[in-house]
Amino acid sequence: MSGLAEHIVAVAAVISAATVILTAIITAYRFIRKWDKWREDKDKHDIENYKAILRLVIMTPEMPLSERIEAGDVYVNKLSGNGGVKQKYKELLQRFAEEHKE
């Protein structure tokens, strides 16, 4: 019977080791997924904040025209901004063209 008991203990040890390894893998996977979701949310919020800052620069008449146009370039061309801010950017481009006609 001692041989059978040794086999049972060996099988139980293998099952325990497999359970520990599987639990560690699942825990690591959950951590990585949570961290990845946090990073995606942070990146999304960073882009939203950047677009909001660019909107402020574009729409603020006290800012120099060149900075407003530069911000508009980034807002419209790189970040695919649209709407009223894009229309204001086009107006700024026309104004710049009129001021620099020669």
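We now turn to the structure provided with this report. (Residues numbered from 1 in each chain as written. Predicted model: local features only at pLDDT ≥ 70, side-chain atom pairs only at ≥ 80, totals over all residues. Heavy atoms only, no water.)

### A look at the overall build of the protein chain
A tally of regular secondary structure across the protein chain gives three helices and zero strands. Listed by position from the N terminus, the elements making up the protein chain come as α-α-α. Relative to the globule expectation of 13 Å for 102 residues, the C-alpha radius of gyration of the protein chain, 30 Å, shows a markedly less compact shape. For the C-alpha atoms alone, the extent of the protein chain along its principal axes is close to 105 × 20 × 20 Å. A buried classification covers 17% of the 102 residues belonging to the protein chain. If you take every contact in the protein chain between residues at least 6 apart in sequence, the share linking residues at least 24 apart comes to 44%. Looking at the protein chain as shown, the accessible area adds up to about 8,200 Å², and 62% of this sits on carbon and sulfur atoms. Of the charged side chains in the protein chain, 16 are positive and 15 negative, and the gap between their average positions amounts to 5 Å. (Helix = DSSP H or I, 4+ residues; strand = E, 2+ residues; numbered from the N terminus. Rg over C-alpha atoms; globule rule 2.2 N^0.38 Å. Buried < 20%, exposed > 50% of the residue type's maximum accessible area, 1.4 Å probe, protein only. Contact = heavy atoms within 4.5 Å. Areas by Shrake-Rupley, 256 points an atom, 1.4 Å probe, with all protein chains shown as cover. Lys, Arg positive; Asp, Glu negative; His and termini not counted. Charge placed at Lys NZ, Arg CZ, Asp CG, Glu CD.)

### Topic: unusual backbone geometry
Look at serine 80: it is not a glycine, yet its phi comes out positive at around 55°. Positionally, serine 80 belongs in the loop between helix 2 (65–78) and helix 3 (84–99). Overall, serine 80 belongs to the exposed group, its relative accessible area being 57%.

### Regarding helix 3
Each α-helix winds once per 3.6 residues, and so residues spaced three or four apart point in a common direction. For helix 3, spanning 16 residues, the distance from its first C-alpha to its last is 22 Å, which sits close to the expected 22 Å at 1.5 Å a residue. Those residues of helix 3 that fall on the buried side of the exposure criterion are Val85, Tyr89 and Leu92. For helix 3, the buried positions fall inside an angular range of 60° around the axis, keeping them on one side. Turned more than 90 degrees away from the buried face of helix 3 sit Gly84, Gln94 and Glu98, all of them exposed. Residues of helix 3 that are buried make contact with helix 1 (2–59) and helix 2. (Expected span 1.5 Å × (residues − 1). Arc of directions from axis to C-beta.)

### Regarding the side chain of arginine 68
As for its position among the elements, arginine 68 is in helix 2. Here arginine 68 sits buried without a salt bridge, and the closest side chain of opposite charge, glutamate 91, lies 7.5 Å off (N-O distance). Of note is the side chain of arginine 68, whose polar atom sits 3.2 Å from the backbone oxygen of threonine 60. Sequence-distant contacts of arginine 68, defined by excluding residues within four places in its chain, comprise Val57, Ile58, Met59, Thr60, Pro61, Met63, Lys88, Leu92 and Arg95. (Salt bridge = Lys/Arg side-chain N within 4 Å of Asp/Glu carboxyl O. Polar contact = N/O pair within 3.5 Å; in protein donor to acceptor, adjacent residues only side chain to side chain.)

### Concerning the pattern of salt bridges
One pass over the structure, following the stated rule, counts seven salt bridges. Close ionic contact of aspartate 36 with arginine 39 constitutes a salt bridge, the shortest N to O distance being 2.6 Å. You can see aspartate 36 and its partner arginine 39 sitting in helix 1, three residues apart, about one turn around the helix. Here aspartate 36 falls in the buried class, since its relative accessible area comes to 17%. Overall, the relative accessible area of 30% leaves arginine 39 in the partly exposed class. Between glutamate 99 and arginine 95 there is a salt bridge, with the nearest N and O atoms lying 3.4 Å from each other.

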